[in-house]
Amino acid sequence: MSNAATLPGTVPAAANRHLAGRFIVYAAVLAIGLALAFAPFLFPDVRAQEVAARICVFIVLVASYDLLIGYTGIVSFAHTMFFGLGAYGAAIALKAMGPGFDAILFGGALGIVATVILAALIGLLSLRVKAIFFAMVTLAAASVMMVLASQLSAITGGEDGMTFTIPRLFSPAQALVTGEDGKALRLFGVALNGRVAHYYFVFIISLILFLIMLRIVASPLGTVLEAIRENEMRAEAIGYRVVAYRTAIFCIAAVIAACAGILRAVWLKYTGPDVVLSFDIMLDILLMVVIGGMGTMWGAVIGVAIMTLAQYYLKDVMAAGTAATADIPFLPDLLNPDRWLLWLGLVFILLVYFFPAGIAGTLMGKGGHK
Amino acid sequence: MMKTLSAKFERFGGVMLLPVILALIALVLIGRPSTWVTLTVAGLAMGMMIFLMASGLSLIFGLMDVLNFGHSAFVSFGAFIAASVLAWFGVWVSGGNAILNIAALMAAIAAATAFGALAGWAFEHVIVKPVYKDHLRQILITMGALIVADELILMIWGGAPIPVPRPAVLTGSIVIGDVSIEIYRIFAFALGLCVYIAMHFALNRTRIGLLIRAGVENREMVEALGFRIDRLFIAVFMAGSALAAMGGAMWAGYQSLITTAIGAEMMILVFIVVIIGGLGSVEGSLLGAILVGLMANYVAFLFPKMSLASNMILMMAILLWRPFGLKPAVKG
């Protein structure tokens with residue numbers, strides 16, 4: 001509890017170093033933010049767009065998870081469950097009501113209501129006991145949700161998931177600003193069509209959600225949460241109802257995750273167990289939050305950017321490595337692109353050992369955890 | 001009224017009655033006694049296999065406050081090693097000679113168990129030891145280890161499902177009247193029961209068992225009296241991992257076709273069992289495992305789609321009633 005002083009970050013002599021570190025973190029976040037803000041113009045190809053949109057959504061998802069694990073010290077494995085509830089809510093409504101913003105709003109609202117009810121139930125039921133207990137309960141709940149999603153195939157499309165159409169505004173054929181020739185106007189060589197609107201829909205809502213979370217952690221509520229993380233007993237003794245606060249933040253984080261799920265569904269035009277509910281997604285979230293740094297919102301941004309870029313582009317590098325080492329026994333197996341999770345797992349273990357505060361936390365000398 | 005009822009409930013065995021009550025309700029719902037017997041035996045066998053996997057986890061937690069999220073890696077490794085050993089014995093397994101059959105099976109289970117113990121020792125030293133008393137990092141680091149272990153299994157055995165040959169002597173079923181019972185299930189139940197009895201004896205009748213129970217109750221006190229709980233803990237960790245691997249080996253034989261998902265599938269059931277039973281208690285794990293096994297089989301027959309959800313609901317209900325599980329050995 002009191003060994004925060006042993007973290008490399010909190011030694012006063014290192015204050016200058018952390019000023020520089022802080023600067024690096026802010027610069028990195030700013031760079032990522034600018035790159036995302038102008039992604040359709042900077043990286044016009046389809047795959048890069050996909051990467052950028054995924055980074056946007058996951059920043060929201062991971063930052064909301066960081067509210068739990070980093071700020072409050074709650075370990076939940078049910079975050080994908082809420083992500084999935086949002087995504088399936090939007091998907092089912094879009095499928096049933098046809099493409100329209102009313103469907104997104106209505107389905108999203110239903111998903112969020114379900115999320116709040118479920119989160120409050122789980123929270124009140126099991127947040128009063130040990131952290132580890134809670135982790136197990138959420139893990140069990142999440143896996144049951146996954147089984148339900150794949151078994152209730154009449155509603156959810158089962159294992160295959162469901163594809164649906166999204167509002168016409170987002171289709172590439174839709175011109176936002178018509179030029180003189182009757183086609184979509186081009187800006188920096190990029191046609192201002194529905195694809196751009198589609199991306200900015202995701203980006204702007206992600207940005208708003210992220211700003212809301214920044215506000216939450218800077219508010220008195222955020223301070224209470226950190227107090228609970230540092231010393232639960234003392235927080236309770238001062239007069240804060242620990243269970244109430246924990247349940248509240250669990251619900252807030254769940255709702256934000258559900259919003260991220262809606263965005264993901266609208267972006268992908270598809271929802272299935274693999275892309276929103278699977279345990280792999282949960283592992284991704286965990287890895288991102290730990291790599292970036294628990295207990296800082298900026299850590300989420302950095303972690304997501306690094307992990308997502310690695311996921312999309314490192315596999316190519318590994319494939320090249322496999323080809324290059326094809327003659328050597330065993331090594332190609334290790335470098336096989338499918339094995340990248342192995343390396344990630346090892347990196348993850350080493351990070352938890354040596355840099356529990358993650359990249360941002362280590363650089364800024366804060367956050368993380370006791 | 002409620003008070004006398006609960007007093008009566010306690011006198012007749014308290015929470016130990018729950019499986020019986022569950023079985024009776026199922027009998028009414030199912031209606032046909034022969035089906036009911038088959039399902040009950042299947043449930044008991046499944047429960048015993050889950051018990052093997054769960055008891056170690058529960059004890060490890062009770063003794064050292066360490067929750068190993070990588071526990072299921074031992075289950076998967078046990079299953080795959082057993083499958084490989086059985087496949088290697090070839091004709092010993094499929095042939096009609098009962099002694100060779102049993103020898104091959106025992107070799108497979110022993111190989112899995114031995115691997116579990118050794119891997120448990122390594123796991124404890126490399127992964128768990130640096131993060132004692134830090135729950136958050138424990139969860140994260142054992143999770144990381146689970147990822148690595150799963151990937152290693154994928155690398156060694158590949159992603160395709162692997163058939164597990166079942167010894168000839170354990171195939172088929174016994175028919176009594178119109179009730180048919182698979183022999184493998186009886187074997188699984190018997191093995192689980194033997195392990196439980198051995199554990200019960202070791203914990204309640206030996207000096208080491210006394211120390212383990214005392215350590216679960218109050219670790220600091222036992223340490224203050226001059227006993228090295230950490231050494232004891234390594235032994236418990238190894239035993240728990242070995243049991244998980246043994247459970248995995250048994251489960252592999254039961255499934256007769258295993259995929260790399262086996263660990264994750266069992267992990268959920270194991271967690272539910274440990275939560276229902278109460279952390280740190282072997283009796284609790286047995287009770288929880290049998291409840292979960294019975295529930296899974298009854299519900300799979302009555303409402304096929306509800307199978308896993310039913311256990312979740314069971315867990316929720318029990319948590320509402322007893323927030324620390326049915327028979328907790330550690331409080332809070």
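Because the structure is a prediction, the values reported are computed rather than measured.

This part is about the overall build of chain A. Across its full length, chain A holds 17 helices and 4 strands. Put simply, chain A has 370 residues, and 48% of those count as buried. Across chain A, the fraction of contacts at a sequence separation of at least 24, relative to all contacts at a separation of at least 6, is 71%.

Let us look at the overall build of chain B. The number of helices and strands found in chain B is 14 helices and 4 strands. For 332 residues, the compact-globule estimate of 2.2 N^0.38 gives 20 Å, and chain B sits close to it at 20 Å. Relative to all contacts within chain B whose residues are 6 or more apart in sequence, the contacts with residues 24 or more apart total 79%.

Attention now goes to the interface of chain A and chain B. Each partner contributes to the interface: chain A provides 36 residues, whereas chain B provides 30 residues. Those elements giving two or more residues to the side of chain A that touches chain B turn out to be helix H5 (101–126), helix H6 (131–151), helix H13 (279–292) and helix H16 (340–354) of chain A. The greatest single-element share of the side of chain A that touches chain B, amounting to 14 residues, is contributed by H6(A). Tallied by class, residues from the side of chain A that touches chain B come to 27 nonpolar, 6 polar and 3 charged.

This part covers the nonpolar core. Counting 230 residues, the largest nonpolar core has Ile59(A), Val62(A), Ala140(A), Ile50(B) and Val270(B) as its most contacted members. For this core, the leading source of residues is helix H3 (residues 33–64) of chain B, giving 20 residues. When we break this core down by domain, the ones giving at least three residues each are domain 1 (7–37 + 280–370) and domain 2 (46–277) of chain A. Residues within four places of Ile50(B) in sequence aside, it is in contact with Leu269(B), Val270(B), Val273(B), Ala289(B), Val292(B) and Gly293(B).

Here the focus is the pairing of strand S2 (residues 173–176) of chain B. Residue and element names in this part refer to chain B. Bridge count for S2 against strand S3 (residues 179–182) is 4 bridges, and the pairing is antiparallel. Within S3, the position partnered with Ile174 by the bridge is Ile181. Turn length for the S2-S3 hairpin, with the two strands adjacent in sequence and antiparallel, is 2 residues, and the turn residue Gly177 shows positive phi of about 60°.

The subject of this paragraph is the packing of H5(A) against helix H11 (residues 242–268) of chain A. All names here are of chain A. One can describe the packing of H5 onto H11 by two numbers: an axis separation of 9 Å at closest approach and a directional angle of 150°. Relative to H11, H5 is oriented roughly antiparallel. In this structure, the crossing between H5 and H11 has a hand that is right-handed. Counted together, Ile104, Gly108, Gly111, Ile112, Thr115, Val116, Ala119, Ala120, Gly123 and Leu124 of H5 and Arg246, Thr247, Phe250, Cys251, Ala254, Val255, Ala258, Gly261, Ile262 and Val266 of H11 form the full contact between these two elements. For the contact of H5 with H11, the per-class residue count stands at 13 nonpolar, 6 polar and 1 charged.

All names here are of chain A. Domains assigned within chain A are domain 1 (7–37 + 280–370) and domain 2 (46–277). Mapped onto the side of domain 1 that touches domain 2, the elements with two or more residues apiece are helix H1 (15–37), H13 and helix H14 (297–324). Among the elements that line the side of domain 1 that touches domain 2, the one with the most residues is H14, at 9 residues. For the side of domain 1 that touches domain 2, the per-class residue count stands at 14 nonpolar, 6 polar and 1 charged.

Turning our eyes to something else, we now look at the environment of Leu269(B). All names here are of chain B. Within the secondary structure layout, Leu269 lies in helix H12 (residues 262–277). When the 25 C-beta atoms within 10 Å are taken as the criterion, Leu269 is described as buried. When the C-alpha positions of Leu269 and Met106 are compared, they lie 25 Å apart, and in sequence the two are 163 residues distant. Apart from the residues within four sequence positions on either side, Leu269 is in contact with Ile50, Val292 and Asn311.

This next bit is on the packing of helix H4 (residues 79–97) of chain A against H6(A). Residue and element names in this part refer to chain A. Running from N to C, H4 and H6 cross one another at 30°; their axes reach a closest spacing of 9 Å. What the angle tells us is that H4 and H6 run roughly parallel. On the side of H4, the interface is formed by Thr80, Met81, Gly84 and Tyr88, while H6 contributes Ala141, Ala142, Met145 and Ala149. Broken down by class, the residue content of the contact of H4 with H6 amounts to 6 nonpolar, 2 polar and no charged.

Attention shifts here to the environment of Thr35(B). Summarising the element assignment, Thr35(B) is placed in helix H3. Residues Thr35(B) and Val179(B), 144 residues apart in the sequence, show an inter-C-alpha distance of 7.2 Å.

This part takes up helix H9 (residues 207–217) of chain B. Residue and element names in this part refer to chain B. The complete set of buried residues in H9 reads Ile212, Gly215 and Val216. Around the axis of H9, the buried residues are gathered within 100° of arc, so they sit on the same side. Looking at the packing, one finds that the buried side of H9 touches H3, helix H8 (183–205), helix H10 (219–224) and helix H11 (229–255).

One non-glycine residue, Lys269(A), adopts positive backbone phi at about 60°. Secondary-structure assignment places Lys269(A) in the loop between H11 and strand S4 (270–271).

Looking now at the environment of Ala244(B). Residue and element names in this part refer to chain B. Structurally, Ala244 can be placed in helix H11. Given 34 C-beta atoms within 10 Å, Ala244 falls into the buried group. For Ala244 and Ala79, which are 165 residues apart along the polypeptide, the C-alpha to C-alpha distance reads 9.6 Å. Once you skip the residues sitting within four places of it in the chain, Ala244 turns out to touch Met53, Gly56, His71, Phe74, Val75, Gly78 and Gly116.

In low-pLDDT segments, the atomic positions of the prediction should not be examined closely. Averaged over every residue, the pLDDT of chain B is 83; the share at 70 or more is 96%. As a predicted assembly, this complex carries a pTM of 0.79 together with an ipTM value of 0.77.

In this model, H8(B) (23 residues) spans 32 Å end to end at C-alpha, consistent with the 33 Å of a helix rising 1.5 Å per residue. Of the surrounding elements, those touching the buried residues of H8(B) are H3, S3, H11 and helix H13 (282–302) of chain B.

Rules behind the numbers
- Residues numbered from 1 in each chain as written.
- Chains lettered and ligands numbered in written order.
- Predicted model: local features only at pLDDT ≥ 70, side-chain atom pairs only at ≥ 80, totals over all residues.
- Helix = DSSP H or I, 4+ residues; strand = E, 2+ residues; numbered from the N terminus.
- Buried ≥ 20, exposed ≤ 12 C-beta atoms within 10 Å, placed from the backbone.
- Contact = placed C-beta atoms within 7 Å.
- Rg over C-alpha atoms; globule rule 2.2 N^0.38 Å.
- Nonpolar A, V, L, I, M, F, W, Y, C, P; charged D, E, K, R; others polar.
- Core = buried A, V, L, I, M, F, W, Y, C linked by C-beta atoms within 7 Å.
- Domains from an automatic or database assignment.
- Pairing = 2+ DSSP bridges.
- Axes fitted to C-alpha atoms, helices over the stretch in contact; angles between N-to-C directions.
- Parallel < 35°, antiparallel > 145°, perpendicular 65-115°, else oblique.
- Left-handed = near helix turned anticlockwise from the far one by under 90°.
- Arc of directions from axis to C-beta.
- pLDDT = per-residue confidence, 0-100.
- Expected span 1.5 Å × (residues − 1).

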